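Read off the chains here:
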Amino acid sequence: MMLPNASVKTLDAKSALLQSYINSSEKQKSLYKRTLLIVSISQIFGGAGLAAGVTVGALLAQQMLGTDAFAGLPSALFTLGSAGAALFVGRLSQRYGRCTGLTTGFIIGGLGAIGVIISAIINSVLLLFISLLVYGAGSATNLQARYAGTDLANSKQRATAISITMVFTTFGAVAGPNLVNVMGKFALSIGVPSLAGPFILAAVAYILAGLVLFTLLRPDPLVIARTIEATKQEQNDEGHITTSNQVENKRGVIVGATVMILTQIVMVAIMTMTPVQMRHHGHDLSAVGLVIGFHIGAMYLPSLVTGVLVDKLGRTAMASASGITLLMAGLIAAFAPEDSMVLLVIALSLLGLGWNFGLISGTALIVDSTEASTRAKIQGTVDVLIALSGAAGGAMSGMIVAGSSYSTLSIIGGFFSILLIPVVIWSRGGKK
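Peer 1: Summarise the overall build of the chain; cite the residues concerned and give the values.
Peer 2: Summing up its helical and strand segments, the chain has 17 helices and zero strands in all. Residues counted as buried form 57% of the 432 residues belonging to the chain. Considering only intrachain contacts with a sequence separation of at least 6, the fraction spanning at least 24 residues in the chain is 86%. A total accessible area of about 17400 Å² is found for the chain, and carbon and sulfur atoms account for 67% of it.

Peer 1: Outline helix α17 (residues 420-427), listing residues and values.
Peer 2: By the burial criterion, the buried members of α17 are L420, V423, V424 and S427. Considered in projection along α17, the buried side chains sweep an arc of 100° and stay on one side of the axis.

Peer 1: Describe empty space enclosed by the protein, with residues and values.
Peer 2: A probe matching the size of a water molecule, rolled over the atoms, marks out where space remains unfilled. All chains considered together, the criterion is met by three cavities of 30 Å³ or more. One number sums up the size of the largest cavity: a volume of about 280 Å³. What lines the largest cavity is a set of 22 residues, and nearest its centre among them are L50, S139, L143, Q264 and M267. Listing elements by their share of the lining of the largest cavity, those giving two or more residues are α2 (25-65), α3 (73-96), α5 (125-148), α10 (243-280), α11 (285-300) and α15 (375-403).

Peer 1: Got a sec to walk through the packing of α5 against α15? Specific residues and values, please.
Peer 2: Packed helices, taken two at a time, are described by the angle their axes make and the gap between the axes. Contact geometry of α5 with α15 gives a least axis separation of 11 Å together with a crossing angle of 145°. For the pair α5 and α15, the sense of crossing is right-handed. Listed contacts from α15 to L143, Q144, R146 and Y147 of α5 are Q379, G380, D383 and I386.

Peer 1: Please set out a nonpolar patch on the surface residue by residue, giving values where relevant.
Peer 2: A surface patch of nonpolar side chains, about 1000 Å² in accessible area, is lined by L80, L111, I114, I118, I121, I122, L126, I130, L133, V134, L385 and L388. Of all elements in the fold, only α4 (98-122), α5 and α15 reach the threshold of two or more residues within the nonpolar patch. If one sorts the elements of the nonpolar patch by residue count, α4 sits on top with five residues. Tracing the backbone shows I130 in helix α5. Taking relative accessible area as the criterion, I130 reaches 44% and is therefore assigned partly exposed.

Rules and cut-offs
Residues numbered from 1 in each chain as written. Predicted model: local features only at pLDDT ≥ 70, side-chain atom pairs only at ≥ 80, totals over all residues. Heavy atoms only, no water. Helix = DSSP H or I, 4+ residues; strand = E, 2+ residues; numbered from the N terminus. Buried < 20%, exposed > 50% of the residue type's maximum accessible area, 1.4 Å probe, protein only. Contact = heavy atoms within 4.5 Å. Areas by Shrake-Rupley, 256 points an atom, 1.4 Å probe, with all protein chains shown as cover. Arc of directions from axis to C-beta. 1 Å grid on protein atoms, 1.4 Å probe; cavity = no way out; pocket = protein on both sides within 12 Å on 5 of 7 lines; lining within 4 Å. Points joined across faces, edges and corners; volume = space filled by probe spheres on them. Axes fitted to C-alpha atoms, helices over the stretch in contact; angles between N-to-C directions. Left-handed = near helix turned anticlockwise from the far one by under 90°. Patch = residues over 30% accessible without salt bridge, like charges linked within 9 Å, V, L, I, M, F, W, Y side chains within 5 Å. Salt bridge = Lys/Arg side-chain N within 4 Å of Asp/Glu carboxyl O.

Structure follows, in structure tokens:
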């Protein structure tokens, strides 16, 4: 069966484009820089979409359910939703490229945010829960986007590439919580409950992030990286990987995933219940937004420095720093006076910083330990585990606080983070 002339020309043009990148290291470097810029722009919107919902999700559930016991459920639901989305986006990216996978994920997240708004208007708890699951796709995609910048990076650039995209996430992530009051007033002005206001921002931000990637992320960096890798393998006379390298790669994936899972559990658990704790002790929404803003800023803003440290000092050294920082965050949150905004800001900032150390060092380990031919699929699977661990942390946080106290939750979280140390010790048996 003969292909139509238009199809043949399209295939020829695509093949010529791929070949031009294979033959030119300068074009590869140029695409690497361009990809970082485009992904960074999308992360500004993605960060705003994520942070806006995180800030008031627990409060909205508390208001609609009339109890604190399930205040951690929204975090658990959209984190659980992000688990399924991480697998979906990872596999979609593996098959069709980063552009298709990331665009789809952000658009779905935006639709979930719209569903949350509608659920608040009609006071439907069932719709709220379903919408929070769908909204989680934006969170998963926001994290998956960090991998796109590494597709064409060399081993000494990977952590820095991850960190650059995360720095740009800061702009939206810090703005989101601090727009809570503004969006609440806007929502009231159009007949929408005030706590649903931030989800209006989330819907617009996620959809814009998707449109930026759909329009500009071409040629696709993962497709180019796979083509380059395949060409190098063809040129290798032996064309095989030794068993020892395979073992080292498996060890790297396990260590990287474990680091990110533990930091996610601790961060989500403490962060989820902080707004509820603050509201119980008389802090208004602007104060909640300020504390969460500092927290999310600390999650992303130090990234540029963190990436350099991870590349220079090593992945495992920074993973250890993550555990120690999270322990300090938990202890300060546990023993801070209930009316102390300063200590809450410090605790939540350290919580974000510890998460930052763990995410970047863990992500770098995953990228180091995978090949372009299977990378997106493995990355998606790892992010599923991260999301599920976050869902568990969010669900348990409300129950722990209801059964004991916020201080107990913070102490448990802080000491749980110390499990990173034996993981790092075990990893010394591998390459890193």
